[in-house]
Amino acid sequence: IVSLYIGWCIADVKDWAIQTFESEAIAQKFEDEEIDGRILVSLTVRTDEAMEKLGLTTLGKKGKFLKVTDELAGTCAMTINISVEILQNHVAKVVK
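Thresholds applied
- Residues numbered from 1 in each chain as written.
- Predicted model: local features only at pLDDT ≥ 70, side-chain atom pairs only at ≥ 80, totals over all residues.
- Heavy atoms only, no water.
- Core = buried A, V, L, I, M, F, W, Y, C linked by side-chain atoms within 4.5 Å.
- Buried < 20%, exposed > 50% of the residue type's maximum accessible area, 1.4 Å probe, protein only.
- Helix = DSSP H or I, 4+ residues; strand = E, 2+ residues; numbered from the N terminus.
- Contact = heavy atoms within 4.5 Å.

Thoughts on the nonpolar core
The nonpolar side chains of soluble globular proteins are, as a tendency, buried together.
Okay, step 1: Judged by nonpolar contacts, the single largest core of 18 residues is most densely connected at Trp16, Phe30, Leu40, Leu56 and Phe65.
Okay, step 2: Mapped by element, the contributors of at least two residues to this core are α1 (10-21), α2 (24-32) and α5 (59-95).
Okay, step 3: Sorting elements by how many residues they give to this core places α1 first, with four residues.
Okay, step 4: Setting aside residues no more than four positions away along its own chain, Phe65 makes contact with Trp16, Phe21, Phe30, Leu40, Val45, Met51 and Leu56.

Side note on the side chain of Thr20
Okay, step 1: For Thr20, the location among the structural elements is in helix α1.
Okay, step 2: The exposure class of Thr20 is buried, given its relative accessible area of 12%.
Okay, step 3: Leaving out residues up to four positions away in the same chain, Thr20 has contacts with Lys64 and Val68.

Okay, structure coming up:
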């Protein structure tokens, strides 16, 4: 199972940004900077400079972005951990 967020294309991230920040201008910056799902949950966009480039100029917007992307990254990690456990259980059954 691959996390949904990692597979997001640039358009998916733009849609997410519109819903998250209720701003077409911010969402457009995500698209202009070619942010896809992998980049969204990476450390690349978590710098102050990167957030400024994405239109996240206030402490509130930056805080919201960090919180929401932490949640997305946590979901990705949880999905991977669950997938490994499912795979291990499946292998154990096959080997028996």
